[in-house]
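One-letter residues, chain by chain:
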Amino acid sequence: MKIAFVGKGGSGKTTLSALFIRHLAAAGYPVIAVDADINQHLGPALGLSDDQAADLPSLGAQLPQIKEYLRGGNPLIGSADEMIKTTPPGRGSRLLRIVEENPVYASCARPIALDEGSVRLLATGAFTEEDLGVACYHSKVGAVELLLNHLVDGQEEYVVTDMTAGSDSFASGLFTRFDLTFLVAEPTRKGISVYRQYKEYARDFDVALHVVGNKVQGPDDLAFLRREVGDDLLAVFGQSDWVRRLEQGAEPPLQLLEPANRAVLETLKQQADRAHADRDPQRYTAQAVTFHLRNAQSWGNAKVGIDLGSQIDPGFVLGADQRDGAHA
Ligand SMILES: Nc1ncnc2c1ncn2[C@@H]1O[C@H](COP(=O)(O)OP(=O)(O)O)[C@@H](O)[C@H]1O
Ligand SMILES: [Mg+2]
């Protein structure tokens, strides 16, 4: 299952994605954690020291090798240089699975031992001021889109992505690559405005969006979120002393998280598990193609110098039937 946490900066995306990851790992499920935020904080939130976090390999820097691996023997893709972030897989492409060893994980993922369980972490890499211009910035986030488009995953195995806030994810198809999107919102007008904007973009693409209230302090906060968000409100995470202790440098065990907040994590998991029934491989693949064509026309064809539409394999659908390697 592919799951994203989005929302305004400071709303608690990193905090809640890290807790959700720990909750899943504690129950023994395979989890890949992906840090796709401009501010790379997921590693530290999962317990890495600043030095360890700084040493994480970056997907952005490994992009050429990642492309070369994923391209495999796909005859429609002439070379890694011809692959853009939206180039879809086709027959002959190499697909990724959550539980396996492959060269992409070997070079880019790092195992993290948690107090209960363990996960693998992939990070896009830190963004510099220059990156925010165009090319590099999008190639970093683009690596995540490419990976998700080549990832065949099943029930009870999870990729959890801590996403960048706001409209950057809409410049590409990245926001459509998840089975479930949790929008973290504080009970404030700004928190809600990010939700409205996201919902607007998401509507045309059947994005399954749920709001997770955060730092909720009492009945008035809850009433505010219910009023503004309606049925999209899935759960509310309270203002948490446990999170505050973490922020103060303590390493509180997950077991000691407030029971009501722990229950929220389980609600998110159950929602993720329900989302499995709504997955539609045809739609998922068709959307990848739509965004590939858009990117090809708006900049890709000009940049690469070929018609990138020719990379689309019309007979290919990314789906669970490939999990066991039938197409690999
Ligand atoms: N439920 C909570 N209770 C207390 N503090 C919280 C809670 N959620 C987040 N915080 C604090 O709010 C700040 C921003 O959270 P963070 O997860 O870094 O936000 P984001 O990733 O959306 O920018 C951090 O200092 C974090 O410790
Ligand atoms: Mg963050």
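Details of the structure are given in the entry above.
Every value quoted in this text rests on a predicted model; they were computed, and no experiment measured them.

Caption draft 1: The arrangement of the site of ligand 1 in detail. Lining the immediate environment of ligand 1, one finds 17 residues, of which Gly12, Lys13, Thr14, Thr15 and Ser240 sit closest. Listed by contribution, the elements that provide at least two residues to the shell around ligand 1 are helix H1 (13-26), strand S9 (209-216) and helix H9 (241-247).

Caption draft 2: Structural view of unusual backbone geometry. Non-glycine residue Glu156 carries a positive phi angle of around 60 degrees. Topologically, Glu156 is positioned in the loop between strand S6 (151-152) and strand S7 (158-163). Even without a glycine there, the phi angle at Lys215 is positive, about 60 degrees. As for its position among the elements, Lys215 is in strand S9. For Lys215, a count of 21 C-beta atoms within 10 Å gives the class buried.

Caption draft 3: Seen up close, the pairing of S7. Most of S7 is tucked away, with six of its six residues classed as buried. Across the two faces of S7 the burial is the same, with Tyr158, Val160 and Asp162 and Val159, Thr161 and Met163 all buried. Pairing of strand S1 (residues 2-7) with S7 involves four bridges; the strand directions are parallel. Within S7, the residue paired with Lys2 across the bridge is Val159. Looking at chain direction, strand S2 (residues 31-36) and S7 are connected through six bridges and run parallel. If you follow Ala33 over to S7, its bridge partner there is Val160.

Caption draft 4: Structural detail: the packing of H1 against helix H10 (residues 259-275). Contact geometry of H1 with H10 gives a least axis separation of 10 Å together with a crossing angle of 75 degrees. On the basis of their axis angle, the class for H1 and H10 is roughly perpendicular. From H1, Leu19, Phe20, His23 and Leu24 reach across to H10, where they touch Leu265, Leu268 and Lys269. In terms of residue class, the contact of H1 with H10 is made up of five nonpolar, one polar and one charged.

The rules behind the values
Residues numbered from 1 in each chain as written. Chains lettered and ligands numbered in written order. Predicted model: local features only at pLDDT ≥ 70, side-chain atom pairs only at ≥ 80, totals over all residues. Near = placed C-beta within 6 Å. Helix = DSSP H or I, 4+ residues; strand = E, 2+ residues; numbered from the N terminus. Buried ≥ 20, exposed ≤ 12 C-beta atoms within 10 Å, placed from the backbone. Pairing = 2+ DSSP bridges. Axes fitted to C-alpha atoms, helices over the stretch in contact; angles between N-to-C directions. Parallel < 35°, antiparallel > 145°, perpendicular 65-115°, else oblique. Contact = placed C-beta atoms within 7 Å. Nonpolar A, V, L, I, M, F, W, Y, C, P; charged D, E, K, R; others polar.

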